[in-house]
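Residues per chain are reported as follows:
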Amino acid sequence: MIRVITSNRAISLQTVAMDIVKVGLKAGLNIQWFDRIFPAYEIRQAGDSAIIFMPVDPQYTVPYILLARDLKRGGVRAIYYGVVEGRLDRRSLRPWMMEADFIAVSNYVRDKLVEAGLRVIDVVHHGVDLERIEEAKRMPGAGLSYLKGHGLDPSRDVIVTTIANSHPRKGLAWYDMVVDEISKKDGSIKFLIITEEKGLNYFKQRHNLVVTADFGRLNRTTVLSVIANSHVLAIPSFAEGFGLPALEAMALGTPTVHAALPPLMEFSTGFVVPVEGISYLDSTPAGPSGIIYEEHLWEPSEFIEVLLQVVDLVRNKREVIEDWRARSAEVARKMNIHNCYPRLLKYVG
């Protein structure tokens, strides 16, 4: 059996793990995902192989990196499918970590891991599950119900949606400035922010703003349906390791606005806000991290300008949006999970 091992602490990790398993099952493999870690000897004695999908953090994810190393030492086919949003803190790295085999989720991640001295054997981009995309399109009611339940009506309002956790690298504090200025310029634009409890503190109350703490609480079809029924997906992040929501929005036909983050620029057709500088964050609200987050900073005024341009296209230039949708759908077709993840599975199948 192939064990796809991740954590239960992030919905994005579980989403990708389930997609990998779906591809493996379609290929006839005995494969299952787990949100817990196992002793290396148990996997070895069972004759199984393993894909460990986790962030590469030499403080937080040490047990997972150690498992990948121990499995390799024991002759087990095992790879660490890793993501990182910046540099690894060399003070936290240990020589034994260099023994594990890593596969990066983007060229950007590969460069950061190689820079830290880790062994990267391949790059496998995340894929989008087009079957779920079609399901979300066929079942718009889930997203519509959620939007209308919060006073938002896509047939009446231009809705700009953001879905992000509360980590500072997600840029929500700066995005509040964007919402504030656009509210003054055009109060008819409605903003929906789906975040965590802590994320609520980033935003002031406004008549055209809805902020919920439903991040991680909605099922996947509902999330995709919300994006499909929104007019724009805004991603204010300063740092990403890949950016799967942008790819999902492309497949759904919802225009995306985001900064020129290196991993996003590897695939995204979104409308891009220039990066004006880079800063580094080596801690989180929970404490020190083994990742020095590489924050690609954008100017609120430029984010506002791009976002208003896209809203104008949605309102007044449907032919431009339709052309964007056609180009985006083609990229999404090429990056569907059944094209991307077989390359990952070949290392353990």
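Just above sits the structure.
This one's a predicted model, so the numbers in the text were calculated from it and none came from an experiment.

Rules and cut-offs
Residues numbered from 1 in each chain as written. Predicted model: local features only at pLDDT ≥ 70, side-chain atom pairs only at ≥ 80, totals over all residues. Heavy atoms only, no water. Salt bridge = Lys/Arg side-chain N within 4 Å of Asp/Glu carboxyl O. Helix = DSSP H or I, 4+ residues; strand = E, 2+ residues; numbered from the N terminus. Buried < 20%, exposed > 50% of the residue type's maximum accessible area, 1.4 Å probe, protein only. Pairing = 2+ DSSP bridges. Right-handed = clockwise from strand over helix to strand, strands pointing away. Axes fitted to C-alpha atoms, helices over the stretch in contact; angles between N-to-C directions. Parallel < 35°, antiparallel > 145°, perpendicular 65-115°, else oblique. Contact = heavy atoms within 4.5 Å. Nonpolar A, V, L, I, M, F, W, Y, C, P; charged D, E, K, R; others polar. Phe/Tyr/Trp six-rings, centres within 6.5 Å; stacked < 30°, edge-to-face > 60°. Lys NZ or Arg CZ within 6 Å of the ring centre and 35° of its normal.

**Side note on the pattern of salt bridges**
Line of reasoning, step 1. Under the criterion given, the structure shown has 30 salt bridges.
Line of reasoning, step 2. Residue Lys22 pairs with Glu131 through a salt bridge whose shortest N-O separation is 2.8 Å. Of this pair, Lys22 sits in helix H1 (residues 11-26) while Glu131 sits in helix H5 (residues 130-138), placing them 109 residues apart in sequence.
Line of reasoning, step 3. Looking at Lys22, the relative accessible area reads 26%, which means it is partly exposed.
Line of reasoning, step 4. The exposure class assigned to Glu131 is partly exposed, which follows from its relative accessible area of 45%.
Line of reasoning, step 5. Lys112 is the salt-bridge partner of Glu294, the closest N and O atoms lying 3.1 Å from each other. Within this pair, whereas Glu294 is found in strand S15 (residues 287-297), its partner Lys112 is found in helix H4 (residues 107-115), the two being separated by 182 residues in sequence.
Line of reasoning, step 6. Taking relative accessible area as the criterion, Glu294 reaches 6% and is therefore assigned buried.

**Quick notes on the pairing of strand S8 (residues 158-163)**
Line of reasoning, step 1. Most of S8 sits inside the fold, with 5 of its 6 residues counted as buried.
Line of reasoning, step 2. Pairing of S8 with strand S9 (residues 189-194) involves 6 bridges; the strand directions are parallel. Bridging from a neighbouring strand, Thr162 pairs with Ile193 of S9.
Line of reasoning, step 3. Traced from S8 through helix H7 (residues 172-185) to S9, the parallel crossover comes out right-handed.

**A few points about the packing of helix H10 (residues 300-316) against helix H11 (residues 318-334)**
Line of reasoning, step 1. For the pair H10 and H11, the least separation of the axes is 6 Å and the interaxial angle reads 105 degrees. Relative to H11, the element H10 is oriented roughly perpendicular. Packed against H10, whose contacting residues are Leu313, Val314 and Asn316, the element H11 presents Arg318, Val320 and Ile321 at the interface.
Line of reasoning, step 2. Taken together, the residues of the contact of H10 with H11 sort by class into 4 nonpolar, 1 polar and 1 charged.

**Remarks on the sheet that holds S9**
Line of reasoning, step 1. The 6 strands are arranged S10-S9-S8-S11-S12-S13 in an open sheet whose pairing can be described as parallel. The open sheet has two edge strands, strand S10 (209-212) and strand S13 (271-273), and neither has a second partner. On average, adjacent strands in this sheet sit at an angle of 20 degrees to one another, irrespective of strand direction.
Line of reasoning, step 2. Pairing analysis gives 4 bridges linking S9 to S10, with the strands arranged parallel.

**Looking at the packing of aromatic side chains**
Line of reasoning, step 1. All chains considered together, the criterion is met by 12 aromatic pairs.
Line of reasoning, step 2. On the numbers, 5.2 Å between centres and 35 degrees between planes, the contact of Phe53 with Tyr81 is tilted. Here Phe53 is found in strand S3 (residues 49-55), whereas its partner Tyr81 is found in strand S4 (residues 78-83), with 28 residues between them in sequence. Just as Phe53 is buried, Tyr81 falls in that class too.
Line of reasoning, step 3. Summarising the aromatic geometry, the rings of Trp298 and Phe303 are spaced 4.7 Å apart at their centres and angled 45 degrees between planes, so their arrangement reads as tilted. Here Trp298 and Phe303 have matching classes, each one buried.
Line of reasoning, step 4. Ring pairing ties together the aromatic residues Trp174, Tyr175, Phe191, Phe238, Trp298 and Phe303, which thus form one cluster.
Line of reasoning, step 5. Geometry around Phe38 places Arg3 over its ring, the cationic atom sitting 4.6 Å from the centre.

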